[in-house]
Number of protein chains: 2
Amino acid sequence: MSVESAITEMAKAASAASIEMARCSSAKKNEVLLRLADKIEANASHIKAENEKDIIFAKEKSLSNAMIDRLTVKDATIKSMADGLREVAQLEDPVGAMSKTWKRPNSLEVSRMRIPLGVIGIIYESRPNVTIDAAGLCFKAGNAVILRGGSEALNSNQALAGIVSDALRETGLPEKAVQVVSVRDREAVNVLLSQEEYVDLIIPRGGEGLIRFVVENSKIPVLKHYKGVCHVYVDEGADLEMAKEICYNSKVQRPGVCNAMETMLVHKSEAEKFLPEIAKQFSEADVELRGCPETCRILPDIKTAEEADWPAEYVDLILAVKVVQDMDDALGHIAKYGSSHTESIVTSDYERARRFLREADSSVVLVNASTRFNDGGELGLGAEIGISTSKLHAFGPMGLEELTTTKFVVFGDGQVRN
Amino acid sequence: MSVESAITEMAKAASAASIEMARCSSAKKNEVLLRLADKIEANASHIKAENEKDIIFAKEKSLSNAMIDRLTVKDATIKSMADGLREVAQLEDPVGAMSKTWKRPNSLEVSRMRIPLGVIGIIYESRPNVTIDAAGLCFKAGNAVILRGGSEALNSNQALAGIVSDALRETGLPEKAVQVVSVRDREAVNVLLSQEEYVDLIIPRGGEGLIRFVVENSKIPVLKHYKGVCHVYVDEGADLEMAKEICYNSKVQRPGVCNAMETMLVHKSEAEKFLPEIAKQFSEADVELRGCPETCRILPDIKTAEEADWPAEYVDLILAVKVVQDMDDALGHIAKYGSSHTESIVTSDYERARRFLREADSSVVLVNASTRFNDGGELGLGAEIGISTSKLHAFGPMGLEELTTTKFVVFGDGQVRN
């Protein structure tokens, strides 16, 4: 079978399965999730053996250590996949919930009912655990899923796919509700991205290159984020002890993730006092600072920031620092260089707190808290499938509800239009 | 200036204006809308004179009468544009509304704030009134707008654009908040569809050809519907008098629109009684029926439906009719041939009403009411910019709220992540 017809068949089968999935009870869905969690633990050695094949192949192809690390399924990976599924089983099922019902002058009663999106395609790179994490969330929200992982993880993903199929079959649900693309050919991605008749949403997970490729080639709506260039703004009159804790946490607690701070903005009236103190803390944590001229005047030992530093997502122990004139300057910098991901202000001023919340145009805006809280779990959504920095459908962390949509339901007793 | 740089400049300017628009008070936005309504009425003769140039050109190019009709700005068109703007001014401004606030175990308080989408591009065909109707709604929701109408309406649209600019300038808002593309070259559309850095949403309005072109070429998210193949299902045991009124209204009250019924499904146990009665009513209204074999057995004078009739959107006084075995058969037919637009059931049975509401996978599902109620105004959303039949972001009629999104706002007092 050609790549085109293989993928088209999968998309058609997913679309058919999605009808059954939409009707599926929460109890049944949770049964699959819990059964799958148990099976993953029970089949740990099989999964790791298949994963070993991928690792050997990756080493033969001289992939980087970082890539091989992401590819490797450890005991902790197994446990995290199983635990993740059990957590998702605990989450409230959004499907079928109805909003308040309003009544029209002609006595029609109108409401909105939450329903699954239908078929979701996930395109990702080397981490095999995405197969389980993403499938679990999409499935719980009542969707059928097509997963296309990196070709370097093919054996691992196939092993996981087999276990998922078993769990579905044993529970009496359609096996095509979760499918893993086994075609190595990259053409498979292009074909999947053109199945707009059958697939409702594409979620790419991986580096910026993959995401841009998906956006440029998809006829199907895509939820994605390119990068997180997150700012903390230390306002005039801020509690500087609090500011130090928040800036330090935002940068150092986990520098390799998208919600870590990449640029710190400091009001000019606090810079002389604040910068030397926080610089000392950062220096102890091996954070390299790159400053604007005013920052470098106050901290003469640090590197001067270049234009390329302001929009940079370092994802590393590097931080750009800028002294700003006022709130306008701070918001202007964020508007120019930010990525609509996460911004935080440290302030004691009521009016400026309100203004920052309103005007910082990012998916999560915080007052007096670390940028690291932009996370579905931390914000109370439960597990998340990612963070959207585009505004359509979902903006910010996406949990179960963001994997659904609503339709209008209307209760009448014979109404017609005049 | 090349088409590419002209459109890119517009997109950049719109993006800059959208920042100011997002901060704009409801009072200021309403002032612009009301001023614009007055100006359109005051400048009616200028608008009609410019429109006349388009009409002369259209006649020279031998465009169809239907196209020339859509292109023509009559006194009623002027009034409807002005009244529409005054209605939009009355609608509640969704921007800035916050959802309930929830509290996390670490005392962070989290809420969602409604915000504009940013920059919306509207691509439409010959009706110049779309320029005003679409701009008014997008503007009220706090967005900047770029409008690209059909080249055959260029003079009309430019006249309207000038009036909009005046209204914005006189109110002290950025003129670039509403821009009309004046480039005739079709390349302008392609360039606009590639401005993903500056434009957040594209809404195409027009025929299926235009919409498919936009979906295939856009790098920006698109909200659209292709067509409305709407069904009414007359259930076993339905109140047949009610069924007749609803079916008649759904087909005849305004056959040329997307929420008119295109296929009627009748349970086999009601067909012998119901079909001859409704056929008489339809015949008096000059509705042509095309039936399945069983329908044709009961109504021997009508045409036999072909396969092409079931997915057809006639937008005319033609109706496909099918006798179904049961609810499964009806839902199966809708799933196979429907367009996710509007479905209605006429029933007296509680359980089947519930099942139909849950399982008919369309943007609006009704019990005992005409399909013609799939409309933003009728469902209580106020004016609408269109009906979405794709599930991302909005599914069903799109009012002001659907032209916005939400961001997370987080209130802390020094929280950091462990």
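Since we're looking at a predicted model, the values are computed, not measured.

## Here we look at the domain arrangement of chain A
- The domain architecture assigned to chain A consists of domain 1 (3-224 + 398-409) and domain 2 (230-378).
- Domain 1 of chain A and domain 2 of chain A are separated by 36 Å when their C-alpha centres are compared.

## Some thoughts on the environment of Gly121(B)
All names here are of chain B.
- For Gly121, the location among the structural elements is in strand E3 (residues 119-124).
- As for Gly121 and Leu201, which are separated by 80 residues in sequence, their C-alpha atoms are 6.2 Å apart.
- Filtering out sequence-adjacent residues up to four positions away, Gly121 remains in contact with Ile146, Val199, Leu201, Ile202 and Ile203.

## Structural notes on the pattern of salt bridges
- Tallied over the entire structure, the rule returns 68 salt bridges over all chains.
- Here Arg23(B) ties to Glu359(A) by a salt bridge, and the two come within 2.9 Å at their closest N and O atoms. With one member in each of two chains, Arg23(B) in helix H1 (residues 3-23) and Glu359(A) in helix H14 (residues 350-359) form a pair that bridges those chains.
- Given the relative accessible area of 44%, Arg23(B) is considered partly exposed.
- With a closest N to O distance of 2.6 Å, Arg355(B) and Asp328(B) form a salt bridge. With Arg355(B) in helix H14 (residues 350-359) and Asp328(B) in helix H13 (residues 327-337), the pair connects residues that are 27 residues apart, well separated along the chain.
- Through salt bridges with shared partners, a single network forms among Asp38(A), Glu41(A), Lys79(A), Asp83(A) and Arg86(A).

## Considerations on the UniProt feature "domain: Aldehyde dehydrogenase" (unreviewed entry) in chain A
- Under the feature "domain: Aldehyde dehydrogenase" (unreviewed entry), the UniProt entry names residues 6-287 of chain A.
- Overall, residues 6-287 of chain A shows 54% helix and 15% strand. The separation of its end C-alpha atoms is 49 Å.

## With respect to the relation of the copies chain A and chain B
- In screw terms, the move from chain A to chain B is a rotation of 180 degrees and a rise of 0.0 Å along the axis, fitting with an RMSD of 0.1 Å. Here the transformation between the copies is reduced to the relation of a two-fold axis. For chain A, the minimum C-alpha distance to the rotation axis belongs to His393(A) and amounts to 1.8 Å.
- The overlap is high: 100% of the interface residues of chain A also sit at the interface in chain B, so the same surface is used on both sides.

## Focus on the sheet that holds strand E6 (residues 201-205) of chain B
All names here are of chain B.
- The strand order across the open sheet built from four strands is E5-E4-E3-E6, with neighbouring strands paired in parallel fashion. Edge positions in the sheet fall to strand E5 (178-180) and E6, since each has one partner strand and no second. Strand-to-strand twist of the sheet, defined as the mean angle between neighbouring strand axes without regard to direction, takes the value 15 degrees.
- Docked against the sheet, H1 engages E3, strand E4 (144-148) and E5, running at close to 145 degrees with respect to E4.
- Across the sheet, helix H9 (residues 208-217) is in contact with E3 and E6; its angle to E6 comes to roughly 160 degrees.

## Let's talk about the pairing of strand E7 (residues 230-234) of chain B
Residue and element names in this part refer to chain B.
- A large share of E7 lies buried, amounting to five of its five residues.
- Taking every second residue as pointing to the same face, both faces of E7 are buried, with Cys230, Val232 and Val234 on one and His231 and Tyr233 on the other.
- As paired elements, E7 and strand E8 (residues 261-267) share five bridges and run parallel to each other. Considered in E8, the bridge of Tyr233 is made with Leu265.
- Tracing the backbone out of E7, into helix H10 (residues 240-252) and back to the parallel element E8 gives a crossover that is right-handed.
- As defined by bridge partners, E7 adjoins strand E12 (residues 342-346) across four bridges and the pair is classed as parallel.

## Observations regarding the sheet that holds strand E11 (residues 318-324) of chain B
- Spatial ordering of the open sheet is given by E1(A)-E2(A)-E16(A)-E13(B)-E12(B)-E7(B)-E8(B)-E11(B)-E9(B)-E10(B), a layout of 10 strands whose pairing is mixed. Only two strands of the sheet have a single neighbouring strand rather than two, namely strand E1 (102-103) of chain A together with strand E10 (303-304) of chain B.
- Here H14(B) sits on the sheet and contacts strand E2 (109-116) and strand E16 (404-415) of chain A together with E7, E12 and strand E13 (364-369) of chain B; the angle it forms with E16(A), its principal contact strand, is near 145 degrees.

## Topic: the interface of chain A and chain B
- Taken together, the contact between chain A and chain B spans 72 residues of the former and 72 residues of the latter.
- Both sides of the chain A and chain B interface together cover about 5800 Å² of buried area, and 56% of this is carbon and sulfur.
- The three residues of chain A that bury the most area against chain B are Leu392(A), Phe408(A) and Arg417(A), which together make up 15% of that side's buried surface.
- Here chain A is connected to chain B by six salt bridges.
- Remark: the boundary between chain A and chain B carries 43 residue pairs in polar contact (both at pLDDT 80 or more).
- At the level of elements, helix H1 (3-23), E2, helix H9 (208-217), helix H10 (240-252), H14, strand E13 (364-369), strand E15 (396-398) and E16 of chain A are the ones that each hand at least two residues to the side of chain A that touches chain B.
- Ranked by the residues each element gives to the side of chain A that touches chain B, the list is headed by E16(A), at 11 residues.
- Per-class residue counts for the side of chain A that touches chain B are 34 nonpolar, 18 polar and 20 charged.
- One ladder, built from five bridges, connects E16(A) with E13(B); its direction is parallel. From the neighbouring strand, Phe411(A) faces E13(B), where its bridge partner is Val367(B).

## Topic: the packing of helix H5 (residues 75-90) of chain B against helix H6 (residues 129-140) of chain B
Residue and element names in this part refer to chain B.
- Interhelical geometry of H5 versus H6 gives an angle of 5 degrees and a closest axis separation of 10 Å. The angle between H5 and H6 falls in the class roughly parallel. On H6, the residues touching Thr77, Met81, Leu85, Val88, Ala89 and Gln90 of H5 are Asn129, Ile132, Asp133, Gly136, Leu137 and Lys140.

## Topic: helix H7 (residues 154-171) of chain B
Residues and elements named next belong to chain B.
- Between its first and last C-alpha atoms H7 spans 26 Å; for 18 residues at 1.5 Å apiece the expected length is 26 Å, and the two agree.
- Taken as a whole, H7 has its buried residues at Leu154, Ser156, Asn157, Ala159, Leu160, Ala161, Ile163, Val164, Ser165, Ala167, Leu168 and Thr171.
- Each element contacted by the buried residues of H7 is listed here: helix H2 (26-42), helix H3 (44-60), H5, E3, H6 and E5.
- Gly172 sits one or two residues past H7 and shows a positive phi near 85 degrees.

The rules we used
- Residues numbered from 1 in each chain as written.
- Chains lettered and ligands numbered in written order.
- Predicted model: local features only at pLDDT ≥ 70, side-chain atom pairs only at ≥ 80, totals over all residues.
- Heavy atoms only, no water.
- Domains from an automatic or database assignment.
- Helix = DSSP H or I, 4+ residues; strand = E, 2+ residues; numbered from the N terminus.
- Contact = heavy atoms within 4.5 Å.
- Salt bridge = Lys/Arg side-chain N within 4 Å of Asp/Glu carboxyl O.
- Buried < 20%, exposed > 50% of the residue type's maximum accessible area, 1.4 Å probe, protein only.
- UniProt positions renumbered as here; feature names shortened; annotations may be inferred.
- Least-squares fit on C-alpha atoms with pLDDT ≥ 70 in both.
- Pairing = 2+ DSSP bridges.
- Axes fitted to C-alpha atoms, helices over the stretch in contact; angles between N-to-C directions.
- Right-handed = clockwise from strand over helix to strand, strands pointing away.
- Buried area = accessible area lost by both parts, 1.4 Å probe.
- Polar contact = N/O pair within 3.5 Å; in protein donor to acceptor, adjacent residues only side chain to side chain.
- Nonpolar A, V, L, I, M, F, W, Y, C, P; charged D, E, K, R; others polar.
- Parallel < 35°, antiparallel > 145°, perpendicular 65-115°, else oblique.
- Expected span 1.5 Å × (residues − 1).

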